[in-house]
Amino acid sequence: MSNISTLTKGILKENPVFVSLLGMCPTLAVTTGAFNGIGMGLSTTFVLICSNLVICLLRKLIPSQVKLPCYIVIIATFVTLIQFLLHGFVPSLYTSLGAFLELITVNCIILGRAEMFASKNKPFASVLDGIGMGLGFTLALFLMGSVREIFGSGTWLGIIIPGMTGHTMSLFIMPAGGFFVLGILIAVVSKLSKRKPPKKLGCANCPNASACNAKCEEASS
Amino acid sequence: MNILTVSPSPHIKSGITTQKIMLTVIAALIPAIISGTIFFGPRALFMVIFCALVSMITEIVCRALMKKEGTVSDGSAMLTGVLLALNLPVTLPLWQAAVGCIFAIAVVKQLFGGLGCNFANPAITGRIFLLLSVGSDMTSWAVPFYYKHLPMLGLFEASGSTALDGITGATPLASGNAELTQLFLGNIGGCIGETSALALLIGGIFLIISKLISPVTPFSYLGSLAVLTFAKVLITGGDMTEVPYALLSGGVILGAFFMATDYVTSPITAKGKLIFGIGCGLTTFIIREFASMPEGCSFSILLMNLLTPYIDRLTKTKPVGARSASKERA
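From a predicted model like this one, the values you see are computed outputs, not experimental measurements.

> Honestly, the overall build of chain A in this entry has me stumped. Any pointers?
When its secondary structure is counted, chain A shows 11 helices and 2 strands. Element order for chain A, N to C, with α for helix and β for strand: α-α-α-α-α-α-α-α-β-β-α-α-α. Buried residues in chain A amount to 39% of all 221 residues. With an accessible surface of roughly 12100 Å², chain A has 72% of that area assigned to carbon and sulfur atoms.

Listed below in structure tokens is the structure:
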């Protein structure tokens, strides 16, 4: 895979939020405003790049039996770092992100990239992958935050939009509105990247396959 | 010449079509529309027509975008628009009413596959969407006959306009100080179509007589709410007029006859309908008594809509003479 496609695939084609549906917790929780979205996205990008690099460098030293605890320790180190940095330099963002900043540790995008990419590739490619995925995540959170902030509060990045005062719908900044916006954005991204739904849904990719014993296939046929 | 035609059942058709059912329900709502127009002025009628039009246009656009056959002629979109309008306060700004209609048709109905596939009643969900989005405009109730002194009979006066200052009051459900006769006639503040119990009962009984809706759902809903309120009066030692008051104020009559009886989102069997109605009554009572909102009718129906598939599974009718699988094995 060329370096350029490693970098760009995270932005639209394999966007962690809109295509892989990873990291739903921060996506839904902190995107009540565009600025929060950028803050959360860039913090995660920082952690993602650093942890990808370190995990990639240590990939031959970490035994596979204990790789998960090792990954978590590495990731948590960088999360603590960014937490102190934000607390010191951007205290307002630190307070508005709250517990979700610490929860970057268990963000499945970071663990997922560590497992899927960094543990199998060279350091330079891992850093590029981290940048691409991080920017894709930031972009997704920024889009979500913008839509929710514009329709829910009538502002964008804190700037009051003329004509929107008195025409806001508070549902958009409620949790339910987050799900609506996410669903609609996923639909738009699927349309833009021309993804088609699979013609036949089989049991192969179904998470409930073991529980249902192909009963749904019988029912539908 | 073929004398015998071989065809699968059904062999006898009643001639009732979806279109006929929808138009009959709209006809049954006419008394409520008239009473709303009397109490809240020409803007009420205008809102009903506006919502019906927006819903129908949304339906046409959605079906065209999805490249599916047009379904606007079945009248279901028109019914959703009319029902949603009757669930709105008369002074709601038009853009908000339009957003509610678009949400009801596009998101709740068409995204799930159109009529018959929607998991919840579109009109109820549209109302809840508006209630959560623009709560203050959705709960400012104009008092009856407020429009008499307004220019153009208040046709263009929406919430926020200075001409409307001082004409809104709390719904009698929250204030608790309306006379029962006025409640029955509908001479109280509230949504366009929910205030007049008399008009709604005329429409509801017409639907029951013409066998379009089963009496089980509305009566179990209203009955369970009455019994629960009665029990509450017995325990707390209040006034017995609280029972009719609970039934006549708020939107339960509109909900019980026109919303909870939606074919798509309510159970099929009579037993299921009974459970559905009692569940609605119970949830409405709990929300009214213990939650921070004065009215819980729409939320209770939405909740029971979501439970409908499970109720249907539990109350499946057995074919005559069928034995259960466990006995078969033994």
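Picking up after the structure, the text goes on.
> Where do I start with the overall build of chain B in this structure?
Each helix and strand in chain B was counted, giving 16 helices and 2 strands. At a minimum sequence separation of 6, the contacts of chain B that also span at least 24 residues come to 75%. Carbon together with sulfur atoms contributes 69% to the accessible area of chain B, which is approximately 16000 Å² in total.

> Even after reading the chapter, I still don't get the interface of chain A and chain B, so can you show me in this structure?
Interface size is commonly expressed as the accessible surface area that is lost when the partners come together. Across the boundary between the two partners, chain A contributes 8 residues, which contact 9 residues of chain B. Joining chain A to chain B, the criterion identifies 0 salt bridges. Viewed at the interface, chain B and chain A are joined by 2 residue pairs in polar contact (both at pLDDT 80 or more). Grouping the constituent residues of the side of chain A that touches chain B by class yields 4 nonpolar, 4 polar and no charged.

> What exactly am I supposed to notice about the packing of aromatic side chains here?
In this description, a pair of aromatic rings is defined by centroid distance and the angle of the planes. A complete count under the given rule lists 8 aromatic pairs over all chains for this structure. Relative to Trp156(A), the ring of Phe142(A) has its centre 6.1 Å away and its plane inclined at 55°; by these criteria the two rings are tilted. A residue pair is termed long-range when its members are at least 10 positions apart, and Phe142(A) in helix H8 (residues 123–153) and Trp156(A) in strand E1 (residues 155–156) qualify at 14 residues. A residue is classified by how much of its surface remains accessible, and Phe142(A), at 22% relative accessible area, is partly exposed. Taking relative accessible area as the criterion, Trp156(A) reaches 33% and is therefore assigned partly exposed. Between Phe103(B) and Phe129(B), the aromatic rings sit 3.9 Å apart at their centres with planes inclined by 10°, giving stacked as the arrangement. A residue pair is termed long-range when its members are at least 10 positions apart, and Phe103(B) in helix H5 (residues 94–109) and Phe129(B) in helix H6 (residues 122–133) qualify at 26 residues. Exposure class is identical for Phe103(B) and Phe129(B). Each is buried. Members of the aromatic cluster, each reached through a chain of ring pairs, are Phe180(A), Phe103(B) and Phe129(B).

> Would you mind going over the confidence of the model for chain B with me for this structure?
When pLDDT is low, close inspection of the predicted coordinates is not appropriate. Per-residue pLDDT for chain B has a mean of 85; in total, 88% of the residues score no lower than 70. Across chain B, the secondary-structure element scoring lowest on mean pLDDT is helix H16 (residues 325–329) of chain B, at 59, and the one scoring highest is helix H4 (residues 76–86) of chain B, at 93.

> Please explain a nonpolar patch on the surface as it appears in this structure.
All names here are of chain B. A cluster of nonpolar side chains, namely Leu 45, Ile 49, Leu 53, Ile 57, Val 61, Leu 65 and Met 66, defines an oily patch on the protein surface of about 640 Å² accessible area. Within the secondary structure layout, Leu 65 lies in helix H3 (residues 42–65). Residue classification places Leu 65 among the exposed positions, given a relative accessible area of 65%.

> What should I look at first to understand the pattern of salt bridges in this one?
Pairs may arise between side chains of opposite charge once their charged atoms sit close together. Applying the stated criterion across every chain yields a total of 6 salt bridges over all chains. Residue Glu115(A) is joined to Lys67(A) by a salt bridge in which the shortest nitrogen-to-oxygen separation is 2.9 Å. Of this pair, Glu115(A) sits in helix H7 (residues 108–118) while Lys67(A) is found in helix H4 (residues 67–89), placing the two residues 48 residues apart along the sequence. You can call Lys67(A) partly exposed: its relative accessible area is 27%. Put simply, Lys109(B) and Glu59(B) hold a salt bridge, and the shortest N to O gap is 3.1 Å. Of this pair, Lys109(B) sits in helix H5 while Glu59(B) sits in helix H3, and the two are 50 residues apart along the sequence. The pair formed by Lys109(B) and Glu59(B) is uniform in burial state, with each residue classed as buried.

> I would appreciate a short explanation of the nonpolar core in the present structure.
Across soluble globular proteins, you tend to see nonpolar side chains buried next to one another. Core analysis: the largest hydrophobic core is formed by 113 residues, its most contacted members being Leu86(B), Leu88(B) and Phe258(B). For Leu88(B), the residues in contact, after removing those within four places along its chain, are Met47(B), Cys51(B), Ala97(B), Leu130(B), Met138(B), Cys191(B) and Ile192(B).

> I keep staring at the packing of helix H11 (residues 216–236) of chain B against helix H13 (residues 252–259) of chain B and nothing clicks. Help me out?
Helix-helix packing is characterised by the crossing angle of the two axes and by the distance between the axes. Residues and elements named next belong to chain B. Following both chains from N to C, one finds H11 and H13 inclined at 155°, their axes separated by 8 Å at the closest point. As far as their axial angle goes, H13 and H11 are roughly antiparallel. For the pair H11 and H13, the contacting residues are Pro 218, Phe 219, Tyr 221, Leu 222 and Leu 225 in the first and Val 252, Ile 253, Gly 255, Ala 256 and Phe 257 in the second. Looking at side-chain class alone, the contact of H11 with H13 contains 9 nonpolar, 1 polar and no charged residues.

> Explanation requested: the environment of Trp141(B) in the structure shown.
Mapped onto the secondary structure, Trp141(B) falls in strand E1 (residues 141–142). Along the primary structure Trp141(B) and Leu92(B) are separated by 49 residues, whereas in three dimensions their C-alpha atoms are 9.4 Å apart.

> Any chance you could explain a positive patch on the surface here in plain terms?
A cluster of like positive charges, contributed by Lys191(A), Lys194(A), Lys196(A) and Lys67(B), occupies part of the molecular surface. Among the structural elements, Lys67(B) can be located in the loop between H3 and H4. A relative accessible area of 75% means that Lys67(B) is categorised as exposed.

> Is there a simple way to explain the confidence of the model for chain A in this structure?
Per-residue pLDDT for chain A has a mean of 84; in total, 88% of the residues score no lower than 70. Within chain A, no element has a lower average pLDDT than helix H11 (residues 215–220) of chain A, which sits at 58, and none a higher one than H4(A), at 92.

> Is there a simple way to think about the environment of Gly203(B) in this case?
All names here are of chain B. In this structure, Gly 203 sits in helix H10 (residues 197–209). The spatial distance from the C-alpha of Gly 203 to the C-alpha of Ala 27 is 7.9 Å, given a sequence separation of 176 residues. With residues near it in sequence (within four places) discarded, Gly 203 still touches Ala 28, Pro 31 and Phe 258.

> Looking at this structure, I do not really get helix H1 (residues 18–28) of chain B. What am I missing?
All names here are of chain B. For H1, every residue scored as buried is listed here: Ile 21, Met 22, Val 25, Ile 26 and Ala 28. In an axial view of H1, the angular spread of the buried residues amounts to 160°, which keeps them on one side of the axis. The elements touched by buried residues of H1 are helix H2 (30–40), H4, H10 and H13.

> Looking at this structure, how should I read the side chain of Arg148(A)?
All names here are of chain A. In this fold, Arg 148 is placed in helix H8. Of the buried charged residues, Arg 148 lacks a salt bridge, with Glu 149 as the closest side chain of opposite charge at 9.9 Å. Not counting the four nearest positions on each side in its chain, Arg 148 is found in contact with Leu 28, Thr 31, Thr 32, Ser 153, Phe 172, Ile 173, Met 174, Pro 175, Gly 177, Gly 178 and Val 181.

> Would you mind showing me how to read the state of the cysteines here?
Note on terminology: a disulfide is the covalent bond linking the sulfur atoms of two cysteines. Residue and element names in this part refer to chain B. The full count for this structure, using the stated rule, is 0 disulfides over all chains. The structure places no disulfide on Cys 191, whose sulfur is separated from the nearest cysteine sulfur, that of Cys 297, by 10.0 Å. Residue Cys 191 is classed as buried on the basis of its relative accessible area of 0%.

Reading the values: the criteria
Residues numbered from 1 in each chain as written. Chains lettered and ligands numbered in written order. Predicted model: local features only at pLDDT ≥ 70, side-chain atom pairs only at ≥ 80, totals over all residues. Heavy atoms only, no water. Helix = DSSP H or I, 4+ residues; strand = E, 2+ residues; numbered from the N terminus. Buried < 20%, exposed > 50% of the residue type's maximum accessible area, 1.4 Å probe, protein only. Areas by Shrake-Rupley, 256 points an atom, 1.4 Å probe, with all protein chains shown as cover. Contact = heavy atoms within 4.5 Å. Salt bridge = Lys/Arg side-chain N within 4 Å of Asp/Glu carboxyl O. Polar contact = N/O pair within 3.5 Å; in protein donor to acceptor, adjacent residues only side chain to side chain. Nonpolar A, V, L, I, M, F, W, Y, C, P; charged D, E, K, R; others polar. Phe/Tyr/Trp six-rings, centres within 6.5 Å; stacked < 30°, edge-to-face > 60°. pLDDT = per-residue confidence, 0-100. Patch = residues over 30% accessible without salt bridge, like charges linked within 9 Å, V, L, I, M, F, W, Y side chains within 5 Å. Core = buried A, V, L, I, M, F, W, Y, C linked by side-chain atoms within 4.5 Å. Axes fitted to C-alpha atoms, helices over the stretch in contact; angles between N-to-C directions. Parallel < 35°, antiparallel > 145°, perpendicular 65-115°, else oblique. Lys, Arg positive; Asp, Glu negative; His and termini not counted. Charge placed at Lys NZ, Arg CZ, Asp CG, Glu CD. Arc of directions from axis to C-beta. Disulfide = S-S within 2.5 Å.

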